[in-house]
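Now for the letters of each chain:
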Amino acid sequence: MACFTAPLAEAIIVTIIKKRIEKKEKATLSLSGKDSTKIAETENHSGIPFSRKIGWLTKMLWGGSFLLAIEHIWHGEVVPWAPFLTAMNNPADIQPMLMEIATVGVTMALLVTAVWVVMLAVSKHLENRKEKNSACDKAIEG
Amino acid sequence: MCLVITAFAAVITTLIWYFKAHNENIKFSMLVLMYWGATLMWVVDGFFSIAKGEPFLDLSINDTLLGFVIVLCGLAVWLFVLLYKDPKNVFDFLKGAHKQTPTDINKNK
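Cut-offs applied
- Residues numbered from 1 in each chain as written.
- Chains lettered and ligands numbered in written order.
- Predicted model: local features only at pLDDT ≥ 70, side-chain atom pairs only at ≥ 80, totals over all residues.
- Heavy atoms only, no water.
- Helix = DSSP H or I, 4+ residues; strand = E, 2+ residues; numbered from the N terminus.
- Contact = heavy atoms within 4.5 Å.
- Axes fitted to C-alpha atoms, helices over the stretch in contact; angles between N-to-C directions.
- Parallel < 35°, antiparallel > 145°, perpendicular 65-115°, else oblique.
- Nonpolar A, V, L, I, M, F, W, Y, C, P; charged D, E, K, R; others polar.
- Buried area = accessible area lost by both parts, 1.4 Å probe.
- Salt bridge = Lys/Arg side-chain N within 4 Å of Asp/Glu carboxyl O.
- Polar contact = N/O pair within 3.5 Å; in protein donor to acceptor, adjacent residues only side chain to side chain.
- Buried < 20%, exposed > 50% of the residue type's maximum accessible area, 1.4 Å probe, protein only.

Let us look at the overall build of chain B. Scanning chain B from terminus to terminus reveals five helices and zero strands. For chain B, the sequential pattern of α-helices and β-strands runs α-α-α-α-α. Counting only contacts in chain B whose residues sit at least 6 apart along the sequence, the fraction spanning at least 24 positions is 72%.

See the structure below:
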């Protein structure tokens, strides 16, 4: 009925958080005397910036909810006029709709977030491995 | 079928991203993550369908057609973002037209 609204709400919140983190990272870069165009160089030394990692989550949430919204439009559950959700027209449908958002929608948002956490862990592992390799290379050269 | 088609699109785009298009400029990762996000959400939907006593997959022609529409919509969004970001600066002439100062216009005359 409207299960995609839960991941959509999370997408909005995460996007706001991402903007704030980006600002902080830019401020840190300018404080340390680095140009923001040198982000790529920074990535090579201290891994992928967190703003980019959080971008993975926003893309999954926005993209997933957009494609699910298309499915709901296809099934006539979402319409381009107010109140947009056809379930809202019938008071008897409102309760099941809210129930669906709370169960299916929240589970969708949680699963996407859980997958993102796994992606973070894999990324961290790869970054650590890269750091170890570069440290070994330096030791051999030294 | 919608889930299967989207999952298939997610796997194919992941492989393309890994072997050919991991360049951040073309924003291909956005398309990959979009398909994976939708796939995960439909997996959850499928499990809730089982709980309701319905099948996990809807194998109707209508749902198959919807799957292709979903894939096309994902591609359309990616194309729109790509053209908007314009990594190759193909639309620079348009930006240049906006940035023209009166002095530039006089020089052109």
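For the rest of this paragraph, the subject is the packing of helix 1 (residues 5-31) of chain A against helix 4 (residues 91-141) of chain A. Residue and element names in this part refer to chain A. Running from N to C, helix 1 and helix 4 cross one another at 45°; their axes reach a closest spacing of 7 Å. If you check the angle between helix 1 and helix 4, you find them oblique. Contact with helix 1, carried on its side by T5, A6, P7 and E10, involves I101, G105, V106, M108, A109 and T113 of helix 4 and no other residues of that element. Of the residues in the contact of helix 1 with helix 4, the class split is six nonpolar, three polar and one charged.

Let us now look at the interface of chain A and chain B. Accessible area lost during the coming together of the parts is what is often quoted as the interface size. Taken together, the contact between chain A and chain B spans 24 residues of the former and 23 residues of the latter. Among the residues chain A hides against chain B, the three largest losses belong to K59, L67 and W74 of chain A. Together they make up 31% of the total. Counting across the chain A and chain B interface gives zero salt bridges. Where chain A touches chain B, the interface holds two residue pairs in polar contact (both at pLDDT 80 or more). Among the elements that line the side of chain A that touches chain B, the one with the most residues is helix 3 (residues 50-74) of chain A, at 14 residues. Counted by class, the side of chain A that touches chain B contains 15 nonpolar, six polar and three charged residues.

Quick look at the pattern of salt bridges now. All names here are of chain A. Tallied over the entire structure, the rule returns two salt bridges over all chains. Among the ionic pairs, K18 bridges to E22, the shortest N-O distance being 3.6 Å. Here E22 and K18 lie together in helix 1, a separation of four residues that amounts to about one turn. Under the relative-accessibility criterion, E22 is labelled partly exposed at 27%. Where E127 meets K53, a salt bridge forms, and the shortest distance between an N and an O atom there is 3.1 Å. Taken as a pair, E127 in helix 4 and K53 in helix 3 lie far apart in primary sequence, 74 residues in all.

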